[in-house]
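Close look at the chain arrangement
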Amino acid sequence: MAKASLVVLISGGGSNLQAVIDAVENGEIDADIKAVISNNATAYGLERAARANIDTYIIDHKHYPDRESFDRAMIQIIDPLKPDLVILAGFMRILSDVFIDHYLHRLVNIHPSLLPKYKGLNTHQQAIDNHDSKHGASVHYVSHELDSGPIVIQAEVSVLEADTAATLAARVLKQEHVIYPMVIKMHTDGRLTYNKDQLNLDGQPLTHPLIWKDGQLTY
Ligand code: GRF
């Protein structure tokens, strides 16, 4: 089987990008990262990509009159790379239907909450304010609604009495770095497919998310 092609979209630090780069470099994920695209020229993730000899592109959304034209500019860069998977890794722009339809079934995102709880921003503070006993992160295929679409893996993290949004975010992020490469590997190995709104793992419907907790994956 030919190596899978990946394209990663970032806006910031790119620690999830780094986790994917590491998994590719150590052979865990059999794929090439064809490009890293950032809407933010100062994103530290661009340095991570350059260090790994990955082509980088900066497309500043502020130079486009609307979401659709920005998304079309990204499509023009991404399409020739023929990605098997487009990976949103801390990409802080809302995507238009033009983009989502174009890459439907091969577009994944990581979100720092146990979706459907806490879509959008400030998820860690919300978990603390609501006295949740557990919080975490979700990796999902992208559908048209923000932070929606079938979830593949959720990492669960206990919320501690002394947690601040920052301490909780740091523990969640550590687990993000584990579950995102796992899902990408399942996809590139052909074990995981998303078609016509149906998620399948190893040929069986995945009707609820896999849970990653205390270093173990359960269904
Ligand atoms: C992560 O918390 C991710 O879940 C969210 O944005 C953050 C990105 O962090 N979508 P990084 O840029 O990968 O370090």
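Refer to the preceding data block for the structure.
Residues numbered from 1 in each chain as written. Predicted model: local features only at pLDDT ≥ 70, side-chain atom pairs only at ≥ 80, totals over all residues. Heavy atoms only, no water.

As for the site of the ligand
What counts is decided by this rule: The cutoff for a nearby residue is simple: one of its non-hydrogen atoms must lie within 4 Å of the molecule or strand. Whenever a nitrogen or oxygen atom comes within 3.5 Å of another N or O atom, the pair is scored as a polar contact, on the condition that within protein one atom can donate a hydrogen and the other can accept it, and that pairs from neighbouring residues in sequence are kept only if both atoms are in side chains. Residue burial considers only the protein chains on display, and all accessible areas are found by Shrake-Rupley using a 1.4 Å probe. Counting from the N terminus, the helices are the DSSP runs of H or I reaching at least four residues and the strands are the DSSP runs of E reaching at least two. Polar here means any residue outside two lists: the nonpolar Ala, Val, Leu, Ile, Met, Phe, Trp, Tyr, Cys and Pro, and the charged Asp, Glu, Lys and Arg; Gly therefore counts as polar.
In the neighbourhood of the ligand, the contacting residues comprise G13, G14, S15, N16, G90, I110, H111, P112, L173 and E176. The separation between an oxygen atom of the ligand and a polar main-chain atom of N16 is 2.8 Å. Here E176 contributes a side-chain N or O atom positioned 2.7 Å from an oxygen atom of the ligand. In isolation the ligand has 370 Å² of accessible area, and contact with the protein removes 80% of it. At the level of secondary structure, the elements contributing two or more residues to the shell around the ligand comprise α1 (15-25), β5 (107-111) and α6 (165-188). Among the residues making up the shell around the ligand, the classes are represented as three nonpolar, six polar and one charged.

What about the sheet that holds strand β4 (residues 85-88)?
What counts here: Strands were regarded as paired on the criterion that DSSP finds at least two bridges between them. Interaxial angle, 0 to 180 degrees, is taken between N-to-C directions of lines fitted to C-alpha atoms, where a helix line uses only the stretch in contact. Any pair of residues with heavy atoms lying within 4.5 Å of one another is described as a contacting pair.
An order of β3-β2-β1-β4-β5-β6-β7-β11-β12 is seen for the nine strands of this open sheet, with the pairing classed as mixed. Unpaired on one side and paired on the other, β3 (56-58) and β12 (216-218) mark the two borders of the sheet. Put simply, the sheet's adjacent strands are angled 20° from each other on average, direction ignored. Packing of helix α2 (residues 44-51) onto the sheet brings it into contact with β1 (4-10), β2 (31-38) and β3, and relative to β3 it is tilted by some 155°.

Examining the pattern of salt bridges
The line we're drawing: Each salt bridge in this description consists of a side-chain nitrogen of Lys or Arg and a carboxyl oxygen of Asp or Glu lying within 4 Å of one another. Think of it in three bands: residues with accessible area under 20% of the maximum for their type are buried, residues over 50% are exposed, and the middle band is partly exposed, with areas taken using a 1.4 Å probe on protein chains only.
Applying the stated criterion across every chain yields a total of eight salt bridges. The partner of D60 in a salt bridge is K62, and the shortest N-O contact between them spans 3.5 Å. Ionic pairing is found between E68 and R72, a salt bridge with its closest N-O pair at 3.2 Å. Here E68 and its partner R72 are both found in helix α3 (residues 67-78), four residues apart, which amounts to about one turn of the helix. Assessed through its relative accessible area of 37%, E68 is described here as partly exposed. Using a relative accessible area of 45% as the deciding quantity, one classes R72 as partly exposed.

Considerations on the sheet that holds strand β9 (residues 198-201)
Strand order in this open sheet of three strands is β8-β9-β10, and the pairing throughout is antiparallel. Since the sheet does not close on itself, it has two edges, and those belong to β8 (192-195) and β10 (204-205), each with one partner.

Describing the packing of α1 against α6
In plain terms, the rule: Put simply, angles under 35 degrees are roughly parallel, angles over 145 are roughly antiparallel, angles from 65 to 115 are roughly perpendicular, and the rest are oblique. Crossing handedness follows the turn of the near helix against the far one: under a right angle anticlockwise gives a left-handed crossing, and clockwise gives a right-handed one.
Two elements in contact, α1 and α6, have axes whose closest approach is 9 Å; the angle formed by their N-to-C orientations is 45°. In terms of axis orientation, α1 runs oblique to α6. When you trace α1 past α6, the crossing you get is right-handed. The residues of α6 that touch α1, namely those facing S15, N16, A19, V20 and A23, are L173, E176, H177, Y180, P181 and I184. A class-by-class count of the residues in the contact of α1 with α6 yields seven nonpolar, three polar and one charged.

What to know about α3
In an α-helix, one full turn covers 3.6 residues, which means residues spaced three or four apart are oriented alike. Basically, it comes down to this: Every helix has an expected span of 1.5 Å times one less than the residues it contains.
Across its 12 residues, α3 extends 16 Å between first and last C-alpha, which sits within 8% of the 16 Å expected from 1.5 Å per residue. Taken residue by residue, α3 has F70, D71, A73, M74, I75 and I78 as its buried positions. As for α3, its buried residues are in contact with β1, β2, β4 and α4 (97-103).

Some remarks on the nonpolar core
Our working definition: Grouping buried Ala, Val, Leu, Ile, Met, Phe, Trp, Tyr and Cys residues that are joined through side-chain atoms within 4.5 Å yields what is termed a nonpolar core.
Judged by nonpolar contacts, the single largest core of 48 residues is most densely connected at L6, I33, I87, V152 and L192. Here this core takes seven residues from α6, the largest share from any one element. Formed by 20 residues, the second largest nonpolar core is a distinct cluster that contains L9, L95, I100 and L107.

Some remarks on the environment of A165
With respect to the helices, strands and loops of the structure, A165 is situated in helix α6. Along the primary structure A165 and H102 are separated by 63 residues, whereas in three dimensions their C-alpha atoms are 35 Å apart. Leave out the neighbours within four places in its chain, and A165 touches H124, Q125 and I128.

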